[in-house]
Structure formats: structure tokens, C-alpha cells
Amino acid sequence: MQSGEIRNRFLTFFKKREHAIIPSASLVPENDPSVLFTTAGMQPLVPYLLGEPHPAGKRLANVQKCVRTQDIDEVGDATHDTFFEMLGNWSLGDYFKEETIKWSYEFLTSKEEGLGLDPSRLYITVFGGNDSVKEADEESKKNWMSQGISERRIYTMEGETNWWSPGDNGPSGPDTEMFYDVTEKGLGDLTKEEFMRADEEQKVVEIWNDVFMEYEKKGGKVTGKLKNKNVDTGAGLERLAMVMQGKDNIFETDLFKPLMNAIEMRAMSNGARAKRILADHVRTAVFMIGDGVLPSNTDRGYILRRLIRRAVRYVDVLGMKEGALAALSDVVVETYAGVYKNLSSEKVHIGQTIADESAKFRQTLERGMREFEKISASGISGKEAFALFSTYGFPFELTLELAAEQNITVNKKEFEEELQKHQALSRAGAEKKFKGGLSGHGEMETKYHTATHLLHQALRLVLGEHVIQKGSNITPERLRFDFSHPEKLTDEEKKKVEDIVNEEIARALPVSYEELPIEEARARGAIGAFGDKYGEMVKVYTIGNEKTGVFSAEFCGGPHVKNTSELGHFKITKEEAVAQGIRRIKAVLG
Ligand code: SER
């Protein structure tokens, strides 16, 4: 079964069970400064899992684009990738364990409606208790048994193994995971130890995770129960495609095949792992750029830069020609064009961005490699690693990787110290956010969200209606806003924009929101590039009202202040280019 058919079957299955089908949110989290990328289907739904009513209802399902780089070192094995699609169904205080498990089983095994997988190849794990919640999840176990799963194939896992949370904060709970035997002969009954070994050896593969989110975590601790008992499930499309297509690794599925073929065709040397890493990184880069990320030295731009730079090196390792990366990026776009329309419209921009970044890295790569050879004989000091990083643009892990290949040590601690001393980029911050969880919407972040709407509208008034949001990132310290505009702003234009924003703040305009069908929101002239993100109903935040006059109306998930008078004084601190035709403004509230 092809991946397109798996996507369709999943959505049809849950639609029939009264789930609203919502579109994938962007890979760039809209309102969550604590994570760099959407790492799970539940992430864009956090406010709703915490109790806010979702405009589409209590039962939702979708296919969500995700990026996870925590396991980047494992990319190259059979099942790990940094970009993946997650099929998920959600109950927001509606059904719970019984229906969830029944439907998971039905979808996996039903030939008519689901995947028709062999039930005798399924293994299940359930939660066995941990420090926060002592009781094992007997209810899930019973539910699996009533679906006909033998008790011998259900393993109870203590500790954190079957506890899921997005980080130190947010909705969390026990989970039950489904594994599938991908060996040719079939493994039959396994003891818990045998099962765990089979998992390690990738003879069984986790294909779906049902999380029963009824707890809330704050500061790393479970602090109590959520308002609702929710369900969050996630099944990796690549892995489902792998089992459905009888492959023992994701790179041979139809999702990767065209790309792997294109790599095969161009590669002059063997190296299965190198080819897989290259394929993974190009694919992830394409999706990131498609969602507005650009290579840079901070945060998500730096993650993208690292992926592209590592890909450039593998192009060389495999003896491929320069320019190969941009060609591979086109193959990714073509593979997914039918599913993610934004990729086809951005195809040229994506290829160009990858080509520009590789060219930039190539300017120094050769010299950097020569430098590496020179210093590597006796181990690499932190200072030397830092020089490779700052002068030759070697991401630190590239140095580590090259060193590991030649059995040389690198002084990691000294490198970190150098990095901190120079504060050249916020990679440390990026890593922390990467691994950390979701934070609440702080007071300053909320203010910056509203200030961003004022800025967006002010830019349109001063520069023209071609100004469209291309990206936004908010921290408690500042806002950052990327938008389309062909040239540098003059001092006069910047001043005008600042003045307009400050005038609207001084007018103490009320901020309110309405939930509207997307067509109506558009018809009323609401702006914002969020049309494809929230499904049929969207939230539109309006600044001003009939009495004061409406200054801005924009699609947005919030949060926002109640009145612009809460914002303080607005000041632009930086205006720069981020790409051809895209400008970036950083601004603060004082
Ligand atoms: N949140 C869970 C996961 O990411 C299930 O969707 O695996």
C-alpha cells in the first residue's frame, strides 16, 4: 500500500468515526517560543489539550508535519529520520481508553477500512507506574486483551518508558505503544527481555503511540490532573509505509524511493549510511524552507544550516557533483507536491536557498578541510574547533564527526567555553529549547504577539499591501518579524512604522477575537498567512472596534493582550535582509 493510500485511509477511518479533519500546522510553531519546531501532532493543539475549546470540536484527526533532531545521530539506521509525518487522532475530553484502543486495533488490522496488518505480528506495551503516578495502566491492558491480543504479547513498562510528555511543561500522561514484527519469518511469542532486545535490534518497530493525557506537568513534575481526559495518538507515516510495503527500513518506502534513486544515480561511491543521511537532511531542509525557515546562525535557522552543511559534506563523501543538492531538493518537492501545495509554489526559492547555502559553505569547506588535516594529528583543542566553526563555518558536530572517523579526540568543554566567550550564536539556547518543553504564554510574549499585529499592519500602510508575513518568532525579550518587501527600509520609513504602532498603542484600542469560517474571515479582509492552519473555523483577532475603527484584523491563534495600552513603547532595533525579497525586523517594547 502506497503512503498516499495510508494517509487517506487513516483520515477516512476517523472521519467516519466523527472526527473533524484538520490540516497540518506549520513546522514553525506559531505561538510557542519554547520549541523550535513542531515535534509532534499534539504540539499545535496544546491550548486545547489544556482545556480551551477547539473550534472544530472534540474529535480531531490529521497528518502533521514534524521535525525532531534529538535522534539525529541515529539517522542512517532503519527507522530514524529528522522529518516525518505523524498520523494522529485526538479526543478533547470525549472518548477515552476503550474507543482509542479499539480503533487503533481496527485501523491496524482491518482489511476493508484500515491497513490489514497481521495481528499475530503485533506487540503492545502499557504503562507500569512511575514516581508521579504509581498505578499501572490495567485498563489499557484489559482493553487490548478484549481486542484479542494475548496477555503474553502485552508488556508492562515501569518508569518513563510509557509516559509521554512534550517536555518539562504541558499536558502528559501514560501511553500504550504498538509494535510490529518486521522479520521475514515472524518472531512469535517473546518474553519481555526478548521483546526489548528485538526492539533494540529493530526486528520489531514502534508504529503507533496512544497517549492518555489527563495529567499536567510543570517544571518537570506532575502537578495534577487536567480539566479533561484527553487522547493524543501518533503513528509515524514512514514506519507504517515501511511495514505496509514489506521493507525493513524507511528509505526503501515510496516516500524516500525517488530521492534514494536520485542519490544512487549521482553517487560515485558506496556508503549506505551516507546516502540515507544525505536523503534525510535534504528532505528535512526542503520542508523547513517550505515553511519559511532560512539558514542563519541562530535558533531554527542554525538547525537548517547544520543540516545543509552536513548534507554538503556527504555530497562530497559520495563523490557527487556540486549542484547535486539543489537537484535532490527538486526531487523531494516533486515527491510531495500533491500533498503539500506550498512546496510546489516555493520550489524555486527552496532550491535556490539550498544552493546558496551550499555555495557559501563551499567557499570555506576546502580550506577548512585542509586546516582540519593540519591540526588533527594530535587531537583538536576547543580553540581549534572554535576556529573551524567561526572561520570555516564548520558546525561543531561536523568537526566531531570528522574527528570520530579518524579516532581523534576533540575538547568539547573548551569549545563550549570559547563559544560562550564569543557569544557568536545562540546554539546553546537553541539546543535547550529543542530538548525543553512547552512554556506557558508569558506576559511579555503575549504583548509581543499583539505588537506583531500592529507592526504587520503598520508596514502594510507605510510600504504597501505586498507586505505579507513570512515568519514570526517571539521571545520574552523581543519580537522578530519577516515579511516580503524588495528593498531596505529607509530611516524615514522605519520611523513612520514606529510612529504608527506607538499611536495605536496610545489610542488604547481594545483587542478581541471571533471564531469565523475561514471564507468569511477572508471575505472580511482578515490578513495573515495562516489560512491553511486551523481548519474550517479560524480565530480572527481584531485590534480596535466599530467605535474606534478597526486597525487590524488577522488570523491568529493568540494569545493577545486585552488593550493596546498594555504594550508600552515600541521600538525597531534592527532591519535587515534575510533572503531575496524578504526583510526582517526586530523590535522591542520598553
Ligand atoms: N504525542 C505522542 C507522540 O509524539 C503521540 O502523538 O508520540
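Residues numbered from 1 in each chain as written. Predicted model: local features only at pLDDT ≥ 70, side-chain atom pairs only at ≥ 80, totals over all residues. Heavy atoms only, no water.

Here the focus is the overall build of the protein chain. When you go through the protein chain residue by residue, the secondary structure sums to 19 helices and 16 strands. Radius of gyration (C-alpha) of the protein chain: 25 Å, near the 25 Å computed for a compact globule of 590 residues. Taken along its principal axes, the extent of the C-alpha atoms in the protein chain is 75 × 65 × 45 Å. Across the 590 residues that make up the protein chain, the buried fraction comes to 57%. Partitioning the contacts of the protein chain with sequence separation of at least 6, the portion at a separation of at least 24 is 72%. Entry remark: accessible area of the protein chain is about 24900 Å², with carbon and sulfur atoms responsible for 49%. For the protein chain, the distance from the average position of its 79 positive side-chain charges to the average position of its 93 negative side-chain charges is 2 Å. (Helix = DSSP H or I, 4+ residues; strand = E, 2+ residues; numbered from the N terminus. Rg over C-alpha atoms; globule rule 2.2 N^0.38 Å. Buried < 20%, exposed > 50% of the residue type's maximum accessible area, 1.4 Å probe, protein only. Contact = heavy atoms within 4.5 Å. Areas by Shrake-Rupley, 256 points an atom, 1.4 Å probe, with all protein chains shown as cover. Lys, Arg positive; Asp, Glu negative; His and termini not counted. Charge placed at Lys NZ, Arg CZ, Asp CG, Glu CD.)

The next point concerns the nonpolar core. If you look at the biggest cluster of nonpolar residues, it comprises 105 residues, and the most contacted ones within it are L108, W144, I207, L278, M320, L325 and L328. At 10 residues, the largest contribution of residues to this core is made by helix 8 (residues 272-290). Ignoring any residue separated from it by four or fewer positions in sequence, one finds L108 in contact with L115, G116, L117, L122, M178, I207, W208 and L240. By size, the runner-up hydrophobic cluster in this structure holds 30 residues, among which are L454, A458, F483 and V497. (Core = buried A, V, L, I, M, F, W, Y, C linked by side-chain atoms within 4.5 Å.)

Right, let's get into the site of the ligand. Near the ligand, the surroundings consist of A40, M42, R68, M86, W164, N209, V211, D232, T233 and G234. In the model, an oxygen atom of the ligand is placed 3.1 Å from a nitrogen or oxygen of the G234 main chain. Looking at the shell around the ligand, the elements that each hand over two or more residues are strand 8 (204-218) and strand 9 (221-236). In terms of residues, the shell around the ligand owes the most to one element, strand 9, which gives three residues. (Near = heavy atom within 4 Å. Polar contact = N/O pair within 3.5 Å; in protein donor to acceptor, adjacent residues only side chain to side chain.)

The interhelical angle for the contact between helix 9 (residues 299-317) and helix 14 (residues 396-405), taken along N-to-C directions, is 35°, at an axis separation of 9 Å. From helix 9, Y302, R306, R310, R313 and Y314 reach across to helix 14, where they touch F396, E397, L398, E401, L402 and E405. Of the residues contributing to the contact of helix 9 with helix 14, the split by class is five nonpolar, no polar and six charged. (Axes fitted to C-alpha atoms, helices over the stretch in contact; angles between N-to-C directions. Nonpolar A, V, L, I, M, F, W, Y, C, P; charged D, E, K, R; others polar.)

Okay, unusual backbone geometry next. Excluding glycine, most residues fall at negative phi; most peptide bonds, likewise, are trans. One non-glycine residue, Q202, lies in the positive phi region at around 60°. Of note, Q202 is situated in the loop between helix 5 (192-200) and strand 8. Among the residues examined, Q202 registers a relative accessible area of 22% and is labelled partly exposed. Look at A508: it is not a glycine, yet its phi comes out positive at around 50°. Topologically, A508 is positioned in the loop between helix 18 (491-506) and strand 12 (511-517).

What follows is about the environment of E416. In this structure, E416 sits in helix 15 (residues 412-422). Residue class for E416 comes out partly exposed when judged on its relative accessible area of 32%. Along the backbone, E416 and G382 are 34 residues apart, and their C-alpha atoms lie at a distance of 7.5 Å.

Applying the stated rule across the entire model yields 26 aromatic pairs. Geometrically, the ring pair formed by F386 and F415 is tilted, given 6.2 Å between the ring centres and 50° between the ring planes. Placement of F386 in helix 13 (residues 382-392) and of F415 in helix 15 is noted, with a sequence separation of 29 residues between them. Neither F386 nor F415 differs from the other in exposure class; each is buried. (Phe/Tyr/Trp six-rings, centres within 6.5 Å; stacked < 30°, edge-to-face > 60°.)

Let's shift gears to the pattern of salt bridges. Here the structure, examined in full by the defined rule, presents 41 salt bridges. Across the pair E106 and K102 runs a salt bridge whose closest N-O atoms are separated by 3.2 Å. Here E106 and its partner K102 are both found in helix 3 (residues 97-109), four residues apart, which amounts to about one turn of the helix. For E106, a relative accessible area of 22% translates into the label partly exposed. A salt bridge links K488 to E575; its shortest N-O distance comes to 3.7 Å. On the criterion of sequence distance, the pair formed by K488 in the loop between strand 11 (478-484) and helix 18 and E575 in strand 15 (residues 570-579) is long-range, its members being 87 residues apart. Sharing partners across several salt bridges, the network here consists of K16, R17, K102, E106 and E113. (Salt bridge = Lys/Arg side-chain N within 4 Å of Asp/Glu carboxyl O.)

As a further point, take the confidence of the model for the protein chain. Overall, the prediction assigns the protein chain a mean pLDDT of 90, with 94% of residues at 70 or greater. A low-confidence stretch, residues 424-440 (pLDDT under 50), is modelled with 46 contacts involving residues beyond four sequence positions or located in other chains. Low pLDDT, under 50, characterises residues 530-535; the predicted model gives this stretch 21 contacts beyond four residues in sequence or across chains. (pLDDT = per-residue confidence, 0-100.)

A separate point is the pairing of strand 9. Relative to strand 9, strand 3 (residues 83-92) runs antiparallel, the two being bridged by five bridges. The residue bridging L87 from the neighbouring strand is A235, located in strand 9. In terms of strand pairing, strand 8 meets strand 9 through nine bridges, oriented antiparallel. Along strand 9, the bridge assignment pairs V211 with D232. Two successive antiparallel strands, strand 8 and strand 9, enclose a turn made up of two residues, where G219 displays a positive phi of approximately 55°. (Pairing = 2+ DSSP bridges.)

In terms of strand pairing, strand 15 meets strand 16 (residues 582-589) through eight bridges, oriented antiparallel. When the bridges of strand 16 are listed, E576 appears paired with R584.

Turning our attention to the sheet that holds strand 11. If you trace the four strands from one edge of the open sheet to the other, you get 10-11-16-15, paired in antiparallel fashion. For this open sheet the edge positions go to strand 10 (469-475) and strand 15, each flanked by a neighbour on one side alone. Here the average twist between neighbouring strands, direction ignored, is 15°.

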